[in-house]
Amino acid sequence: EVDRFTGKMIAQFFGPGMVDTIGNQTVLCSGVTMGGKVAIEQYLLLMIWHMDNLMNNKVGKGDQAHHNVLYYMGDMARQTGINKIQ
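Residues numbered from 1 in each chain as written. Predicted model: local features only at pLDDT ≥ 70, side-chain atom pairs only at ≥ 80, totals over all residues. Heavy atoms only, no water.

**Points about the overall build of the chain**
Helices and strands together make up the secondary structure of the chain, namely 4 helices and 0 strands. Listing each helix as α and each strand as β along the chain from the N terminus yields α-α-α-α. Scored against the burial criterion, the 86 residues of the chain give a buried share of 34%. Accessible surface computed for the chain: about 5,700 Å², of which carbon and sulfur atoms make up 56%. (Helix = DSSP H or I, 4+ residues; strand = E, 2+ residues; numbered from the N terminus. Buried < 20%, exposed > 50% of the residue type's maximum accessible area, 1.4 Å probe, protein only. Areas by Shrake-Rupley, 256 points an atom, 1.4 Å probe, with all protein chains shown as cover.)

Rendered as structure tokens:
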């Protein structure tokens, strides 16, 4: 289940509906992302695009919120070179 810290970030950047959608999932920490060169490049491009285009001028540390939303909404799985988190 999403902890208060991550839930607050997800609600801040994506609204409370997103917390309802992915709130029963395990929190994935964006600070321990690993992978091969192609996967990391794709991950970083996706995160940068997502944060640049979806922050809606909101200020704050939203990396973990974006990381969890991208994973649980299936956006990472659609990227070439990114495998399922194990």
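**Considerations on the confidence of the model for the chain**
When pLDDT is averaged across the chain, the result is 83; 88% of the residues are at 70 or more. Confidence, read as mean pLDDT per element, is least for helix α3 (residues 37-54) in the chain (85) and greatest for helix α2 (residues 16-22) (94). (pLDDT = per-residue confidence, 0-100.)

**Brief notes about the packing of aromatic side chains**
Under the definition given, this model contains 1 aromatic pair. Relative to Tyr 72, the ring of Tyr 71 lies with its centre 5.0 Å away and its plane at 80 degrees, an arrangement referred to as edge-to-face. Classification of Tyr 71 by relative accessible area gives partly exposed; the value is 21%. (Phe/Tyr/Trp six-rings, centres within 6.5 Å; stacked < 30°, edge-to-face > 60°.)

**A closer look at the packing of helix α1 (residues 4-14) against helix α4 (residues 63-72)**
Running from N to C, α1 and α4 point in directions that differ by 80 degrees, and their axes come no closer than 8 Å. The pairing of α1 with α4 is recorded here as roughly perpendicular in orientation. Contacts from Thr 6, Met 9, Ile 10, Phe 13 and Phe 14 of α1 reach α4 at Gln 64, Ala 65, His 66, Asn 68 and Val 69. Class assignment for the residues of the contact of α1 with α4 results in 6 nonpolar, 4 polar and no charged. (Axes fitted to C-alpha atoms, helices over the stretch in contact; angles between N-to-C directions. Parallel < 35°, antiparallel > 145°, perpendicular 65-115°, else oblique. Contact = heavy atoms within 4.5 Å. Nonpolar A, V, L, I, M, F, W, Y, C, P; charged D, E, K, R; others polar.)

**Brief notes about α4**
The buried fraction of α4 amounts to 7 of the 10 residues, a majority that puts the element mostly inside the structure. Packing partners of the buried residues in α4 comprise α1, α2 and α3. Looking one or two residues beyond α4, the residue adopting positive phi is Gly 74, at roughly 90 degrees.

**Thoughts on the nonpolar core**
Among soluble globular proteins, nonpolar side chains are generally buried collectively. Val 2, Met 9, Ile 10, Phe 13, Met 18, Ile 22, Ala 65 and Val 69 form the largest nonpolar core, which has 8 residues in total. Breaking this core down by element, the ones donating at least two residues are α1, α2 and α4. A per-element tally of this core places α1 first, with 3 residues. Dropping the residues within four chain positions of it, Val 2 is found in contact with Gly 7, Ile 10, Ile 22, Gly 23, Gln 25 and Val 27. (Core = buried A, V, L, I, M, F, W, Y, C linked by side-chain atoms within 4.5 Å.)

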